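Per-entry structural report
Read off the chains here:
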Amino acid sequence: MNITEFAKIAGVSKSAVSRYFNNGYLAEDKRQLIEKAIEKTGYSPSVSAQNIRTKVTKLVGVIMPKLSSESCARVTEGISQVLSEDGYEMLLVNTANDYQKEVEYLDLFRHNRVDGVILIATVFTPLHKSILNKMRIPVVIVGQSYKGFNCVCHDDRGAAYALTKLMLEKGAKKPAYIGVTLDDKAAGAERSDGFTKALSEANIAISEKHKAVAEFTIDSGYEQAKRILSGRNKPDCLFCATDNIAAGALLYCAEADIKVPSELMVCGVGDSVLGRITAVYLTSAHLHYKTSGIEAARMLLSAINRHDSVPRITKLDFEIAERESTNR
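Below you will find a few notes about this structure. (Residues numbered from 1 in each chain as written. Predicted model: local features only at pLDDT ≥ 70, side-chain atom pairs only at ≥ 80, totals over all residues. Heavy atoms only, no water.)

**Overview of the sheet that holds strand β12 (residues 318–321)**
Threshold: By the convention used here, strands pair only if DSSP detects at least 2 bridges between them. Helix numbers and strand numbers start at the N terminus; a helix is a DSSP run of H or I with at least 4 residues, a strand a run of E with at least 2. Lines fitted to the C-alpha atoms define the axes, with helices restricted to the stretch that makes contact. Angles between their N-to-C directions range from 0 to 180 degrees. Should any heavy atoms of two residues lie within 4.5 Å, those residues are considered in contact.
Spatial strand order, β7-β6-β8-β9-β10-β12: 6 strands in an open sheet with mixed pairing. Edge positions in the open sheet fall to β7 (211–213) and β12, since each of these has one partner strand only. For this sheet, the mean angle separating the axes of adjacent strands, direction not counted, is 15 degrees. Examined bridge by bridge, strand β10 (residues 283–287) and β12 share 4 bridges and lie antiparallel to one another. Across the sheet, residue serine 284 finds its bridge partner in β12, namely alanine 321. The sheet contacts of helix α11 (residues 243–255) involve β6 (175–179), β8 (237–240), β9 (265–269) and β10, and relative to β9 the element is tilted by about 155 degrees.

**Structural notes on the packing of helix α1 (residues 3–10) against helix α3 (residues 28–41)**
In plain terms, the rule: The scheme is simple: roughly parallel for angles under 35 degrees, roughly antiparallel for over 145, roughly perpendicular for 65 to 115, oblique for anything else. Helix crossings are classified by the rotation of the near helix relative to the far one: an anticlockwise turn of less than a right angle makes the crossing left-handed, while a clockwise turn makes it right-handed.
Where α1 meets α3, the axes come as close as 9 Å, and the angle between the chain directions of the two elements is 110 degrees. Here α1 is positioned roughly perpendicular relative to α3, judged by the angle of their axes. When the axes of α1 and α3 are compared, the crossing they make is right-handed. Contacts between α1 and α3 involve Phe6, Ile9 and Ala10 from the former and Leu33, Ile34, Ala37, Ile38 and Thr41 from the latter.

**Thoughts on the sheet that holds strand β5 (residues 150–154)**
To summarise the sheet geometry, strands pair through backbone hydrogen bonds and adopt either a parallel or an antiparallel arrangement. Ordered by their spatial adjacency, 6 strands build an open sheet running β2-β1-β3-β4-β5-β11, and the pairing between neighbours is parallel. If you trace the sheet from one side to the other, it starts and ends with β2 (89–94) and β11 (313–316), each paired once. Geometrically, the sheet is characterised by an average inter-axis angle of 15 degrees between neighbouring strands, direction not taken into account. Here 4 bridges tie strand β3 (residues 116–120) to strand β4 (residues 139–142), and the two strands are oriented parallel to one another. The residue of β4 that forms the bridge with isoleucine 118 is valine 140. Relative to the sheet, helix α12 (residues 289–304) contacts β1 (59–64), β3, β4, β5 and β11, its axis offset from that of β5 by approximately 170 degrees.

**A few points about α3**
In an α-helix, one turn spans 3.6 residues, which is why side chains three or four residues apart end up on the same side. Where we set the bar: The span one expects for a helix is its residue count, reduced by one, times 1.5 Å.
For α3, built from 14 residues, the straight-helix expectation of 20 Å at 1.5 Å per residue is met to within 8% by its first-to-last C-alpha distance of 20 Å. Of the residues one or two after α3, glycine 42 is the one with positive phi, at around 75 degrees.

**A short note on unusual backbone geometry**
Cis geometry is found at the peptide bond from valine 260 to proline 261, where omega equals 10 degrees. Its place among the elements puts proline 261 in the loop between α11 and β9.

So this is what it looks like as structure tokens:
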């Protein structure tokens, strides 16, 4: 019995039968009709035969930089939500922030049967460019803007600008900055540009002694804050490129008896749970990570189904969550 014959017996469309067996969304009345028909006929489609016929595996490769990252978890939650609704499964691989592994996994997925790839990206190297240009399956990039590919990214520059402007408007005159590598275009270069733009508009300069580059960790944020804040000419506001870095800075402030926010305002980016359990609640920019995963999965499925042939970039907005760390 084929799917057409079974659909007639069940009294539903072929597409409804396909959604049922691929775990897609289906109205409850149609689901009950199909289940009754299965009990009556014993019908079960051959998955392997279906994949050979359609050349669709219902598998999507997802490459993420860090398993322990809250932002990555929120992105993958959004991806999983959309894929499961359409009967797809997610093959998740972790690179542990190893850019070489990103390239290796892209090449692995290129040579193995997946219908598409979602790359939660951090840094692009010439190797990335080379392998991405060889991909013959749809690829969607999350977190970065990369010309020629479907991308879902955040307004990192706008978020950094708004946070910095917030602290300047509250009276800050001596800013400090702890960023990340500029090789990371979004978290590094874009957030640095937003910070610099706000200072420029206010005609405020920053001392080179008050600038630092950290890793994406609390410990690194602590160490860089210690270096910046231990001198005599202390800043009165501190922009941190991530919430983890800001949490480390707040730890140092507590140890050094630097009062936040009366002596030093501090902010971060990401609006993580961590920033809401620190001793001083952290002002942060809320980036819509789960939404980025949802949009990326929808974009990928559209490309798989050949609904979209022209690459596009979707930039998501942000929200400022103002809390105690800047509340003067």
